[in-house]
Amino acid sequence: MKTLNVLALVLVLLCINASTEWPTHTVCKEENLEIYYKSCDPQQDFAFSIDRCSDVTTHTFDIRAAMVLRQSIKELYAKVDLIINGKTVLSYSETLCGPGLSKLIFCGKKKGEHLYYEGPITLGIKEIPQRDYTITARLTNEDRATVACADFTVKNYLDY
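Residues numbered from 1 in each chain as written. Predicted model: local features only at pLDDT ≥ 70, side-chain atom pairs only at ≥ 80, totals over all residues. Heavy atoms only, no water.

The condition is simple: UniProt positions are given in the numbering used here, feature names are shortened, and annotations may be inferred rather than shown by experiment.
In the nomenclature of UniProt, the chain is known as Lymphocyte antigen 86 of Gallus gallus. Word for word, the UniProt comment on the chain under Subcellular location is "Secreted, Extracellular space".

Here's what the structure looks like:
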């Protein structure tokens, strides 16, 4: 009987480790705006939320994000791509942490530490484009190791 239980446990663990995709999470879903995300880092998922979909249509809104760091952050680089119909139509990159530069409160955090951010972000655009599209966001450190990665799916049919 013990052998059967151990075998069942091993099979469950193997099946869990065989999956390379994380589930799709709903950030918000309202009548004319839906936002979903999925971690594109095969080794780690993370938590991300906003209070209301309608907040996204403002210039600045509050988010909550949490994860356990798999990599230390001495330097942190962000790369964001806007993808429409499978083609990258806009790409943006920025240094967030570096020598003499600390734009974020978690610059300098070490591997294994919890990262939690609750507060405002500013998109830098006045209106969210209407239609269905994907935004890929990737954070990498000084070793070019992935700190976090997500594919956001946006379905926006709001009238401005």
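## Things to note about the overall build of the chain
Just so we agree on the cut-off: Numbering of helices and strands runs from the N terminus, with a helix taken as a DSSP run of H or I at least four residues long and a strand as a DSSP run of E at least two residues long. Three exposure classes are used, based on accessible area relative to the maximum for each residue type with a 1.4 Å probe and protein chains only: buried under 20%, partly exposed in between, and exposed over 50%.
When helices and strands are tallied, the chain shows one helix and 10 strands. The N-to-C order of helical and strand elements in the chain reads α-β-β-β-β-β-β-β-β-β-β. A buried classification covers 31% of the 160 residues belonging to the chain.

## Quick look at the nonpolar core
Across soluble globular proteins, nonpolar side chains show a tendency to be buried alongside one another. Definition in use: For this analysis, a nonpolar core means a set of buried residues of the types Ala, Val, Leu, Ile, Met, Phe, Trp, Tyr and Cys, connected via side-chain atoms within 4.5 Å. Should any heavy atoms of two residues lie within 4.5 Å, those residues are considered in contact.
Counting residues in each nonpolar core, the largest one holds 32 residues, and the members touching the most others are Leu 33, Ile 35, Phe 48, Ile 50, Val 56, Ile 73 and Leu 76. If you list the elements that add at least two residues to this core, you get strand S1 (25–29), strand S2 (33–39), strand S3 (47–50), strand S4 (60–68), strand S5 (76–84), strand S6 (87–98) and strand S10 (146–156). Tallying contributions element by element places S10 first for this core, with five residues. For Leu 33, the contacting residues outside a window of four places in its chain are Cys 28, Cys 53, Val 56, Val 154, Lys 155, Asn 156 and Leu 158.

## Quick notes on the environment of Pro 120
In this fold, Pro 120 is placed in strand S8 (residues 114–122). Sequence separation between Pro 120 and Phe 61 is 59 residues; the distance between their C-alpha atoms is 5.2 Å. Beyond its immediate sequence surroundings of up to four residues, Pro 120 is in contact with Thr 60, Phe 61 and Asp 62.

## Some thoughts on unusual backbone geometry
Not every positive phi belongs to a glycine, and Arg 131 is a case in point at roughly 125°. If you trace the backbone, Arg 131 turns up in strand S9 (residues 131–141). You will see that Arg 144, though not glycine, has its phi angle at about 65°, which is positive. Looking at the element boundaries, Arg 144 is found in the loop between S9 and S10.

## Section: the sheet that holds S4
Selection criterion: Only strands that DSSP links by at least two bridges are regarded as paired with each other. Fitting a line to C-alpha atoms yields each axis, with helices limited to the stretch in contact; the angle taken between N-to-C directions then spans 0 to 180 degrees.
Strand order in the open sheet formed by three strands is S3-S4-S8, and the pairing between neighbours is antiparallel. A strand with exactly one partner marks an edge of an open sheet, and here the two such strands are S3 and S8. For this sheet the average axis-to-axis angle between neighbouring strands, irrespective of direction, equals 15°. Bridging between S3 and S4 involves four bridges; their strand directions are antiparallel. Paired with Phe 48 across the bridge in S4 is Ala 65.

## So, the sheet that holds S10
Strand order in this open sheet of seven strands is S1-S2-S10-S9-S5-S6-S7, and the pairing throughout is antiparallel. Edge strands, defined here as strands with exactly one partner in the open sheet, are S1 and strand S7 (101–102). Where S2 and S10 come together, seven bridges link them in antiparallel fashion. Bridge assignment links Ser 39 to a residue of S10, and that residue is Ala 150.

## Digging into the state of the cysteines
Basically, it comes down to this: Throughout, a disulfide means two cysteine sulfur atoms within 2.5 Å of one another.
Evaluated as defined, the whole model comprises three disulfides. At a sulfur-sulfur separation of 1.8 Å, the disulfide partner of Cys 40 is Cys 149. Taking the torsion about the S-S bond as the criterion, the Cys 40 to Cys 149 disulfide, at about -85°, is left-handed. You can see Cys 40 sitting in the loop between S2 and S3 and its partner Cys 149 sitting in strand S10, a full 109 residues away along the chain. By relative accessible area, Cys 40 is classed as partly exposed at 24%. Ordinal numbering of bonded cysteines along the chain defines a disulfide pattern of 1-3, 2-6, 4-5.

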